[in-house]
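Here's the letter readout for the chains.
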Amino acid sequence: MNGNRFGPIPGSTILRAVAGRNAIVMAANVRIASVAKGIFRAAKDTDSAVFMELARSECNLNGGYTGLTPADFSKRMNQAAQDVGFDAWALHADHITVKNGDAAEIDSTKQLIDAQIAAGYTSFAIDASHLFDFEGKNVREELDPNIRITTDLARYIKSKMNGKDFGLEVEVGEIGRKDGSGLVLTKPEEAVTYIRALNESDVWPHVLAIANGSTHGHTYDALGNVVEQLSIDIPQTKAIAQALRDNNLHVGIAQHGITGTPRDLINLHFPKGDIIKGNVGTFWQDVVFNVLKVYEPALYRNIQEWTLEKYRPLNPGKSDRQIFDGNCKMAIKEFFRDLYSLDERTEYAIQSMTYAECLIFFRAFSSEGSASLVRKAIQ
Ligand SMILES: [Zn+2]
């Protein structure tokens, strides 16, 4: 990858270039890698910087549920960028999740990071948001386990990157977590305490993921139908960004779980500039499956049957539609060979749909022109 002019650039370069510009950079979770070319083409044509990413659950040393290891993912993204001739992108490790923080888990996490760095990743999201001390006497104590693990892993990445610049995302408040009264949102005080503590330990994240009312994947009504996601709390998001600024903490917000949020709402009402990175994942999987429904009906039916057979027993009382919708991602690895040997016509349809949808995202995110800003920053 070194010496390749279309290889990934540090995530930090992109995030610094857009900070304060009222733009959101799209981060695409490319579960089925063939959408990458369509994304890069649209990014090139609209001059939009992008992140290409997969989370630990999606891509790890065992392949995750996409069947891709970090090396596979990197190779495919580099190839797509090379084919298109696009240069303003970062290769990002989304949700490097730590759930309990014991020695074995930290050890395996470091092995994953080693593999990501060896594969040429240029940006990392440490997610220790599950670690929360409910017995803590104040916010600092409640967040202490998250702060400790995040600091440890951030230092590890820094030492292994060996002087190379990289993007760093951290997370406070588990996205989509619910209690008796609904989604638990991150409070401004938590964001400030968390970032300040990290800065005091010489850890300087560029973006902070918060729980602000979004959920990963689709949102459903009581009957299990997919509905628009209107639950992102914009005032709370602005309040967090304001609190960070008031405390002189320089970090943007990463919005997770955008699939399902109407793009006209994003366009007109999202606090761009407060939010500077927007993750879009499930949406791209939907694009592929919607094409397969018509172009490859037999394959689509096989995927449907496999998913329902496997996940129906685990989801009593749920409609087939919701069971398929929530678990079809698990079929990607099972049908890996089929999904990566589609005929030219099907590929063309996937690329074209991806391209068009990207145009809408880039306009809604106001990211057009961000690639030039990034290039200027590099010179
Ligand atoms: Zn996420």
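Below: a short report on this structure. (Residues numbered from 1 in each chain as written. Predicted model: local features only at pLDDT ≥ 70, side-chain atom pairs only at ≥ 80, totals over all residues.)

Notes on the overall build of the protein
Just so we agree on the cut-off: Secondary structure counts use DSSP, requiring at least four H or I residues in a row for a helix and at least two E residues in a row for a strand, with both numbered from the N terminus. A radius of gyration in this sense is built from C-alpha atoms; the matching globule rule multiplies 2.2 Å by the number of residues raised to 0.38. Burial is judged by counting other C-beta atoms within 10 Å of a residue's own C-beta: 20 or more means buried, 12 or fewer means exposed, and anything between counts as partly exposed, with every C-beta placed from the backbone. Any two residues are considered in contact once their C-beta atoms, placed from the backbone, lie within 7 Å.
Along the protein, the regular secondary structure elements total 15 helices and 12 strands. At 20 Å, the protein has a C-alpha radius of gyration in line with the 21 Å of a compact globule built from 379 residues. Sorting the 379 residues of the protein into buried and exposed places 47% on the buried side. Within the protein, contacts between residues at least 6 apart in sequence are counted, and of these 79% link residues at least 24 apart.

Digging into the pairing of strand β12 (residues 275-280)
Our working rule: When DSSP locates at least two bridges between a pair of strands, those strands are taken to pair. For a crossover, the right-handed case is the one in which the path from the first strand over the helix to the second runs clockwise, viewed with the strands pointing away from the viewer.
Burial of β12 is extensive: six of the six residues sit out of reach of the surface. Inspection of the sheet shows strand β11 (residues 252-255) paired to β12 by three bridges, in the parallel sense. Residue Ile-253 lies in a different strand from β12, and its bridge partner there is Ile-275. In this fold, β11 hands off to helix α8 (residues 263-269), which returns the chain to β12; that crossover is right-handed.

What about helix α4 (residues 103-118)?
Under the convention used in this document: In a helix, the anticipated span is given by 1.5 Å times the number of residues less one. In this context, the arc is that of the directions from the helix axis out to the C-beta atoms.
An ideal rise of 1.5 Å per residue puts 22 Å on 16 residues; α4 measures up with 22 Å between its terminal C-alpha atoms. Burial in α4 covers these residues: Thr-109, Ile-113, Gln-116 and Ile-117. Seen from one end, α4 has its buried residues packed into an arc of 95°, which puts them on one side. Looking at α4, the residues exposed on the side facing more than 90 degrees away from the buried face are Ala-103, Ala-104, Asp-107, Gln-111 and Ala-118.

Here we look at the environment of Gly-182
Residue placement: Gly-182 occurs in strand β7 (residues 182-183). Take Gly-182: there are 9 C-beta atoms within 10 Å of it, and that puts it in the exposed class.

Some thoughts on the sheet that holds strand β5 (residues 167-172)
Under the convention used in this document: What counts as an axis is a line fitted to C-alpha atoms, over the stretch in contact for a helix, and the angles between N-to-C directions run from 0 to 180 degrees.
Read around the closed barrel, eight strands run β1-β2-β3-β4-β5-β8-β11-β12, paired in parallel fashion. Going across the sheet, the axis of each strand differs from the next one's by a mean of 25°, ignoring polarity.

Things to note about the packing of helix α9 (residues 282-295) against helix α14 (residues 344-365)
Going by this rule: Each angle is binned into one of four classes, with values under 35 degrees roughly parallel, values over 145 roughly antiparallel, values of 65 to 115 roughly perpendicular, and all other values oblique. Working rule for handedness: look at the near helix, and if it is turned counterclockwise from the far one by less than a right angle, call the crossing left-handed; if clockwise, right-handed. By the convention adopted, Pro, Cys, Tyr, Trp, Phe, Met, Ile, Leu, Val and Ala count as nonpolar, Lys, Arg, Asp and Glu as charged, and the other residues, Gly among them, as polar.
Where α9 meets α14, the closest approach of the two axes is 10 Å, and the angle between their N-to-C directions is 140°. As the angle between them shows, α9 and α14 are arranged oblique. Between α9 and α14 lies a crossing of right-handed hand. Of the residues in α14, those in contact with Trp-284, Val-287, Val-288, Val-291 and Tyr-295 of α9 are Arg-345, Thr-346, Ala-349, Ile-350, Met-353, Thr-354 and Glu-357. Here the contact of α9 with α14 is built from residues that sort into eight nonpolar, two polar and two charged.

Functional significance is not addressed by these values, which are geometric in nature.
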